[in-house]
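Each chain, letter by letter, is given below.
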Amino acid sequence: MTALTKNIAFVEIRYHEILLFELSKLFLELEDVNLTLFVSKEVFKRLDDRIKDDPRVKFIQYDVPRTSGRMNFIKNRSYMKAISASSKDIKERINNGNFDLVVFETLQGLPFLKASYDELSSIKVKKAAIVHDADVWAGEKRNVPFSLRLNDSLSHNYFKKWLNNLDYLITLEDEQTEYIKSKIDFNPSHVITLRGKFAFDNDKVHSNSVNEKVIFTIPGSVDRLRRDYFGFLKSFERIAKDHDEIAGYLLGRMMEGDVKKYILSSDILKSHVNFWDESVPNDEFERVISESHFIVLPVAGNYRYGITKITGPLYDALVDAKPVIISNNVHVNPKYMKSVLVYDPSNMEEILEKAFNMVKSGEYKNLVDDAKKVRDIFKPENFLKEVSKMIENKI
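Residues numbered from 1 in each chain as written. Predicted model: local features only at pLDDT ≥ 70, side-chain atom pairs only at ≥ 80, totals over all residues. Heavy atoms only, no water.

**Student:** In this structure, what is going on with the sheet that holds strand β11 (residues 294–297)? I would like to understand it.
**Tutor:** The strands making up a sheet are joined through hydrogen bonds of the backbone, oriented either antiparallel or parallel. The parallel open sheet is built from six strands, whose spatial order is β10-β9-β8-β11-β12-β13. A strand with exactly one partner marks an edge of an open sheet, and here the two such strands are β10 (273–276) and β13 (340–343). Within this sheet the neighbouring strands show an average axis-to-axis angle of 20 degrees, counted without direction. Strand direction decides the pairing type here: β11 and strand β12 (residues 324–327), joined by three bridges, are parallel. When the bridges of β12 are listed, Leu 297 appears paired with Ile 326. Against the sheet, helix α10 (residues 257–264) makes contact with β9 (246–253) and β10, and its axis sits at roughly 145 degrees relative to β10, the strand it touches most. (Pairing = 2+ DSSP bridges. Helix = DSSP H or I, 4+ residues; strand = E, 2+ residues; numbered from the N terminus. Axes fitted to C-alpha atoms, helices over the stretch in contact; angles between N-to-C directions. Contact = heavy atoms within 4.5 Å.)

The following block contains the structure:
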C-alpha cells in the first residue's frame, strides 16, 4: 500500500445493496482507492459477487435483520439493539483506522436513525451521506399515509442534527441537487451529484430482436404505493385482446394479493402476464430485461420522483439502453427524453398501442439508437471528478 492510497469506508447495514455495488465500482475506477464495506450479512448475501472478488475491497459484516424500518419501536426492539451495537463497532473501527472518508449509504428509517445517530455521528473522519428522500431532509410533507408522514416528521429531526455533522451530501440526480440547494442550509459546493447506476458495460447486447412477442416489463417488487399496477393491467388486457403477440412481466416479488388475484381472474392476463411470488433470481432478472422491448414505469403520484427521490428502475433501463414508458407523475431529466415515452395515466392504453406499433413497424430501432446515446451520460468517467472532490477535499 502506497502513501497515496485513499481508504474509503461505506456503511450499508440496511438494504441498498445494488446501489452499494454501483458506487463501489465507481470509486474503484480511481486507481488509488481501497474500500472497506461495513455491511449487514443480509446485504452481503445479496451483493453482486463481482465486487466480492476485488482485492481492493474488504468486508466487515454484522448481524442486522432486514426490516421496513418504520415506526413500530416495540416490534423493532431487537433490530434497534443490533443497529446500536453495529454502529458502535463501526465507529470504533473507523476512528481507530486510517480512513479518509466514510459514506453512509442509507440514513433512513426512524428506528435506524434513533439507534445509530449517537455512534455514527461521532465518527471523526470526513463524512458523506446519500440523500434518498430529499423532501424528508427538507421537512416538507409528502402525499403518503399518516403513519408515514409522522415517520417523516420525526426522521427530519434527526436529519437536522445530521446536517451539522456531515461534510458532504450525495444526491443521485441533477434536479435532486437543485432541490437540496434551494431547501436546505448546507454548503452548496459540498453537494455532490452522482447517479444510482452507471454504464460500466457499454457493449451489452440485448436479445429482444429475436422475440416473436413484444415484451413490456415492470421491474421491482409489486408495491401499489409506488406503482399503478391496475392501470397497467387493465390497459394491457385490452391491447392483448387485439394483439396475441404481446407479453408482460411483473419482474419482482409479488407483495400485493389483490394484483395477483386480478391477473388470475382474467384468462387473457393469465396467458400473457408473468409474475413471481418470491424475489426474482439475478440471472432470470437480467434475462427478462434483456429480452424486453420496453421497461414500463407506471409510477403513482405519492412521491415526487425525479425531484426529491429517484426511481431505480428508470436508471436500470437507461443504463441498459432500454426504451422507457413512464407516467407523467415522474419528472424526467430532459437529458434522457430521447429514449423515454411519457404518458397520461388516464390513457395508458394509447401509449402501449403506440409502443407495440413502433416495434412492428421498425420505428423501434431508432428509439434504441437514441437510448444508446442516452446511456453515454452514465459513463463512470463523467462522475469521477465529483468523487475526487470528496476524497481529496478539493472544493
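**Student:** What is the right way to read the pairing of β9 from this model?
**Tutor:** A regular strand carries its side chains on alternate faces of the sheet. Most of β9 sits out of view: seven of its eight residues are buried. Sheet topology note: the strand β8 (residues 214–219)/β9 ladder contains six bridges and is parallel. Each residue of the ladder has a partner; that of Val 214, found in β9, is Ile 246. In this fold, β8 hands off to helix α9 (residues 229–242), which returns the chain to β9; that crossover is right-handed. Pairing geometry for β9 and β10, over four bridges, is parallel. Within β10, the residue paired with Leu 250 across the bridge is Phe 275. (Buried < 20%, exposed > 50% of the residue type's maximum accessible area, 1.4 Å probe, protein only. Right-handed = clockwise from strand over helix to strand, strands pointing away.)

**Student:** I'm lost on the packing of helix α5 (residues 110–120) against helix α7 (residues 146–163) in this one. Help?
**Tutor:** The axes of two packed helices give the description: the angle between them and the distance between them. Packing of α5 against α7 leaves a shortest axis separation of 10 Å and a crossing angle of 15 degrees. Overall, the two elements α5 and α7 adopt an arrangement that is roughly parallel. The handedness of the crossing between α5 and α7 is left-handed. Of the residues in α7, those in contact with Leu 110, Leu 113, Lys 114, Tyr 117 and Leu 120 of α5 are Asn 151, Leu 154, Ser 155, Tyr 158, Phe 159, Lys 161 and Trp 162. Partitioned by chemical class, the residues of the contact of α5 with α7 number eight nonpolar, two polar and two charged. (Parallel < 35°, antiparallel > 145°, perpendicular 65-115°, else oblique. Left-handed = near helix turned anticlockwise from the far one by under 90°. Nonpolar A, V, L, I, M, F, W, Y, C, P; charged D, E, K, R; others polar.)

**Student:** Mind showing me how you'd approach helix α15 (residues 364–375) here?
**Tutor:** In an α-helix, one turn spans 3.6 residues; hence positions three or four apart end up facing the same way. Compared with the 16 Å implied by 1.5 Å per residue over 12 residues, the 17 Å span of α15 between its first and last C-alpha is a close match. All of the buried residues along α15 are Tyr 364, Leu 367, Val 368, Ala 371, Val 374 and Arg 375. Summarising the axial view, the buried residues of α15 lie within an arc of 110 degrees, below the 170-degree limit, and thus occupy one face. Residues Lys 365 and Lys 373 are exposed on α15 and point more than 90 degrees away from its buried face. Looking at the buried residues of α15, the elements they touch are β11, α13 (312–319), β13 and α14 (348–361). (Expected span 1.5 Å × (residues − 1). Arc of directions from axis to C-beta.)

**Student:** Just to check I follow, could you spell out the sheet that holds strand β3 (residues 57–62) for this structure?
**Tutor:** The sheet built from seven strands is open, its strands ordered β3-β2-β1-β4-β5-β6-β7 with parallel pairing. A single partner strand is all that each edge strand has here, and the edge strands are β3 and β7 (191–193). Within this sheet the neighbouring strands show an average axis-to-axis angle of 20 degrees, counted without direction. Where strand β5 (residues 127–130) meets strand β6 (residues 168–171), three bridges bridge the pair, whose relative direction is parallel. Looking across to β6, one finds that Ala 129 is bridged to Leu 169.

**Student:** I would appreciate a short explanation of the packing of aromatic side chains in the present structure.
**Tutor:** Given two aromatic rings, their pairing is described by the distance between the two centres and the angle made by the two planes. Summed over all chains, the structure comprises 17 aromatic pairs. Ring plane angle 85 degrees and centroid distance 5.1 Å describe the contact between Phe 10 and Phe 27, whose orientation is recorded as edge-to-face. Placement of the pair is Phe 10 in strand β1 (residues 6–12) and Phe 27 in helix α1 (residues 17–27), with a sequence separation of 17 residues. As far as burial versus exposure is concerned, Phe 10 and Phe 27 are alike and both buried. The rings of Phe 104, Tyr 117, Tyr 158 and Trp 162 are connected pair by pair, giving a single aromatic cluster. Directly above the ring of Phe 200 sits Lys 25, whose terminal nitrogen or CZ lies 4.3 Å from the centroid. Here Lys 52 stacks its cationic end above the ring of Phe 44, 4.2 Å away from the centre of that ring. (Phe/Tyr/Trp six-rings, centres within 6.5 Å; stacked < 30°, edge-to-face > 60°. Lys NZ or Arg CZ within 6 Å of the ring centre and 35° of its normal.)

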